[in-house]
Amino acid sequence: MAVPTTAPIDLSAAMVMAPTALADWLVIAPMALMITLGAVLMMVRHRIWLHGWIAVPGLVALVLMEGLLVYRVAVDGPFTMTAGRWLPPFGISFTADLMGSLLALASGLVALAAGIYGLRDIDATGRRYGFYPFLLLLMAGVTGAFLTGDIFNLYVWFEVLLISSFGLLILGSERQQIDGALKYAVLNLLGTTLFLIAVGYVYAIFGTLNMADIARQANDYRGTAPLMTLSALFILAFAMKAAAFPVNFWLPASYHTPRIVVSALFGGLLTKVGVYALMRVMVMLFPVEREQLSLLLAIIAALTMVIGALGALAQSDLRRMAGFAVIAGIGNIIAGVAIGGVPGVSGAILYSLHSIIVMTALYLLIGEAARIGGSWSLQTLGGLYRDAPWIAAAAFVIFFAAAGLPPFSGLWPKIILLKAALDIGAWWLSAAILISALILTLTLGRVFLLAFWRPRIEPTAVPSAAGALQRSAPLAGLVAIIVFFGVFPDLPVRLSQEAAATLADPRAYIQSVFPTGGAE
């Protein structure tokens, strides 16, 4: 019979005994806020007039929190909070480094733009179906994926954002939306299953799911464990999530079906979570395997960007064209991962930040163009320059940025990637980047000439200027960011280089998780 003991139990070997610093709660505050507000909106789901008043201030608070997170990480370096004050790797760690914080901030900005745009774009039916609760829960999943320090927890946040995205995709339950959602769901669930299998192999090999712990142990297992097979499995899973060639056909088949504000969110955010996971796992956890698979990654990148650009050129539907433009951008990011080193990875991070803003702005732009012109098709659109000169000016900026032309934000990541590719002798990869940019320039130039400069073919009623101005406010904010970081690139370039350096040399990341060596 067991005898109860009153001997004191020493918990210091397994737990942090000091209280968690108030500033450390900042790393989980964005997810906690989004989940809490999402739950509140579900409780007041019948009072749909309240949803915008709750969601938009919440998204403003999210952007402020993530701005503070970027500032703290830029000044003090990575920091970690582990659930329940357990010493890593026992508890689930949330670690904010510069790459994750920057991507979280960019995501918060586009979510705020989408939330404001949705005030006029989403009708009562869409709100009743849960647009704003799904939006907030989607942001909880996206932000959690960027800030988690546990690879299984990364899978969990993937599931949170996927469930939310399914709800947004079928908002309204139209037949076309159900068809697009089915294609989206099948491929993403397959990618999620592969991701989960890879996570199981990670735990079987390392006995831990903490990413910092895996990074510091990887060298010990390199000669005995099948890390190359594991890396290839991760690449396949994340390629499906990011819509990279040859598993990219689901994106243009589904992103044109939901409301345009939902397409804008998806085009800006969801594929970037996939390429973020690819960078985190392949650059930080398995750098040797990334180097050995760099040629495969480079081929995937080249085919993704060129096929995406060609697909965009072949479209007359603006929404399908934007979907292929998203795919072309993913190819550029994967090219940076394939090149490796601080130059290549910094180019990939900078391009990710640029693409989050620009692709969201592109979808909102074509939504406004279709609303004013009465059609999604280039065969019938025309005269937008005369009907909406402000939209035409925004299109000029967004098209130049998406094609990587000066003086806007798309120029600088293209230059960094081109130089990094030439420095390692990958001239053919540089050629693919330039060819993709040229084809996108032709594609977007064609859109501008037909939809904006060409006289209107069929007369339609032009919406009121007041309504157009109110709906264009989020687009104006995104255009301002594109112009600012194109003209003043020093800050984003420097931050992306610092983020790449931390990712390529994760000692500071590991130190933030295991400041005293951790629990053995």
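A short note on the overall build of the protein
Inference 1: Secondary structure assignment for the protein yields 22 helices and 2 strands.
Inference 2: Reported as C-alpha extents along the three principal axes, the dimensions of the protein are approximately 90 × 60 × 40 Å.
Inference 3: Burial status across the protein gives 61% buried among its 520 residues.
Inference 4: Residue pairs in contact within the protein that sit at least 24 positions apart in sequence constitute 81% of those at least 6 positions apart.
Inference 5: When the accessible surface of the protein is split by element, carbon and sulfur atoms take 70% of a total near 20,100 Å².
Inference 6: In the protein, 28 side chains carry a positive charge and 24 a negative one; their mean positions are 11 Å apart.

Concerning helix α21 (residues 490-504)
Inference 1: Across its 15 residues, α21 extends 21 Å between first and last C-alpha, which sits within 8% of the 21 Å expected from 1.5 Å per residue.
Inference 2: Three or more residues of α21 are buried, namely P492, V493, L495, S496, A499, A500, T502 and L503.

Quick word on a nonpolar patch on the surface
Inference 1: Together, L295, I299, L303, I307, L422, W427 and W428 make up a nonpolar patch on the protein surface, roughly 690 Å² of accessible area in all.
Inference 2: For the nonpolar patch, the secondary-structure elements that each account for two or more residues are α13 (294-313) and α19 (427-453).
Inference 3: The element that contributes the greatest number of residues to the nonpolar patch is α13, accounting for 4 residues.
Inference 4: Inspection of the secondary structure assignment puts L422 in helix α18 (residues 411-423).

Examining the pairing of strand β2 (residues 93-96)
Inference 1: Because side chains alternate across β2, one face comprises the buried residues S93 and T95, and the other comprises F94 and A96, equally buried.
Inference 2: Bridge analysis of strand β1 (residues 79-82) against β2 gives 4 bridges, and the strand direction is antiparallel. Residue pairing in the sheet places T82 in a bridge with S93 of β2.

Comments concerning the packing of helix α14 (residues 318-339) against α18
Inference 1: For the pair α14 and α18, interaxial distance at closest approach is 10 Å and the crossing angle is 35°. In the packing of α14 onto α18, the handedness of the crossing is left-handed. Residues N332, G336 and I339 of α14 lie in contact with α18, whose contacting residues are K414, L417, A420 and A421.
Inference 2: Looking at the contact of α14 with α18, its residues break down into 4 nonpolar, 2 polar and 1 charged.

Section: the side chain of E289
Inference 1: Mapped onto the elements of the fold, E289 is located in helix α12 (residues 287-292).
Inference 2: Residue E289 is classed as buried on the basis of its relative accessible area of 3%.
Inference 3: Within the structure, E289 has its side chain in polar contact with the side chain of R222 (distance 2.9 Å).
Inference 4: If sequence neighbours within four positions are ignored, E289 has contacts with R222, L227, M228, S231 and M282.

Some details on the nonpolar core
Inference 1: Among the nonpolar cores identified, the biggest contains 191 residues, and I151, F195 and F234 are the most heavily contacted of them.
Inference 2: Element by element, the count of residues in this core is highest for helix α11 (residues 260-285), at 19 residues.

A short note on the layout of surface pockets
Inference 1: The computed volume of the largest pocket comes to approximately 410 Å³.
Inference 2: Lining the largest pocket are 20 residues, with L102, L353, I481, F485 and P492 sitting closest to its centre.
Inference 3: At the level of elements, α3 (98-121), α15 (341-373), α18, α20 (465-487) and α21 are the ones that each hand at least two residues to the lining of the largest pocket.

With respect to empty space enclosed by the protein
Inference 1: Counting across every chain of the model gives 3 cavities of 30 Å³ or more.
Inference 2: Each pocket or cavity is described by its volume, and for the largest cavity that value is around 90 Å³.
Inference 3: Along its surface, the largest cavity is lined by A325, A328, G329, Y351, H354, S355, M359, L362, A402, L440 and L444.
Inference 4: Of the residues forming the lining of the largest cavity, the biggest block, 5 residues, is contributed by α15.
Inference 5: Class assignment for the residues of the lining of the largest cavity results in 8 nonpolar, 3 polar and no charged.

A short note on the packing of aromatic side chains
Inference 1: Enumeration over the complete set of coordinates arrives at 21 aromatic pairs.
Inference 2: Taking 5.1 Å as the distance between ring centres and 65° as the angle between the ring planes, the aromatic pair formed by F206 and Y221 counts as edge-to-face. Of this pair, F206 sits in helix α7 (residues 175-206) while Y221 sits in helix α8 (residues 211-221), placing them 15 residues apart in sequence.
Inference 3: Take F206: its relative accessible area is 5%, and that puts it in the buried class.
Inference 4: For Y221, a relative accessible area of 24% gives the class partly exposed.
Inference 5: When the ring of F484 is compared with that of F485, the centres are 5.2 Å apart and the planes differ by 85°; the resulting orientation is edge-to-face.
Inference 6: Put simply, the rings of F152, Y155, F158, F195, F206, Y221, F234, F238 and F286 touch in pairs and so form one group of aromatic residues.
Inference 7: Above the face of the F79 ring, R72 is positioned so that its terminal group lies 3.8 Å from the ring centre.

Some thoughts on α15
Inference 1: Under the 1.5 Å per step criterion, the end-to-end length of α15 is 46 Å for 33 residues, consistent within 8% with the ideal 48 Å.
Inference 2: The axis of α15 is deflected most strongly, by about 25°, at S355.
Inference 3: Burial analysis of α15 places 29 of its 33 residues in the buried class, the great majority of the element.
Inference 4: Positive backbone phi, approximately 80°, marks G374, located one or two places after α15.

Calculation rules
Residues numbered from 1 in each chain as written. Predicted model: local features only at pLDDT ≥ 70, side-chain atom pairs only at ≥ 80, totals over all residues. Heavy atoms only, no water. Helix = DSSP H or I, 4+ residues; strand = E, 2+ residues; numbered from the N terminus. Buried < 20%, exposed > 50% of the residue type's maximum accessible area, 1.4 Å probe, protein only. Contact = heavy atoms within 4.5 Å. Areas by Shrake-Rupley, 256 points an atom, 1.4 Å probe, with all protein chains shown as cover. Lys, Arg positive; Asp, Glu negative; His and termini not counted. Charge placed at Lys NZ, Arg CZ, Asp CG, Glu CD. Expected span 1.5 Å × (residues − 1). Patch = residues over 30% accessible without salt bridge, like charges linked within 9 Å, V, L, I, M, F, W, Y side chains within 5 Å. Salt bridge = Lys/Arg side-chain N within 4 Å of Asp/Glu carboxyl O. Pairing = 2+ DSSP bridges. Axes fitted to C-alpha atoms, helices over the stretch in contact; angles between N-to-C directions. Left-handed = near helix turned anticlockwise from the far one by under 90°. Nonpolar A, V, L, I, M, F, W, Y, C, P; charged D, E, K, R; others polar. Polar contact = N/O pair within 3.5 Å; in protein donor to acceptor, adjacent residues only side chain to side chain. Core = buried A, V, L, I, M, F, W, Y, C linked by side-chain atoms within 4.5 Å. 1 Å grid on protein atoms, 1.4 Å probe; cavity = no way out; pocket = protein on both sides within 12 Å on 5 of 7 lines; lining within 4 Å. Points joined across faces, edges and corners; volume = space filled by probe spheres on them. Phe/Tyr/Trp six-rings, centres within 6.5 Å; stacked < 30°, edge-to-face > 60°. Lys NZ or Arg CZ within 6 Å of the ring centre and 35° of its normal. Bend = angle between axes of the 7 residues up to and from the residue.

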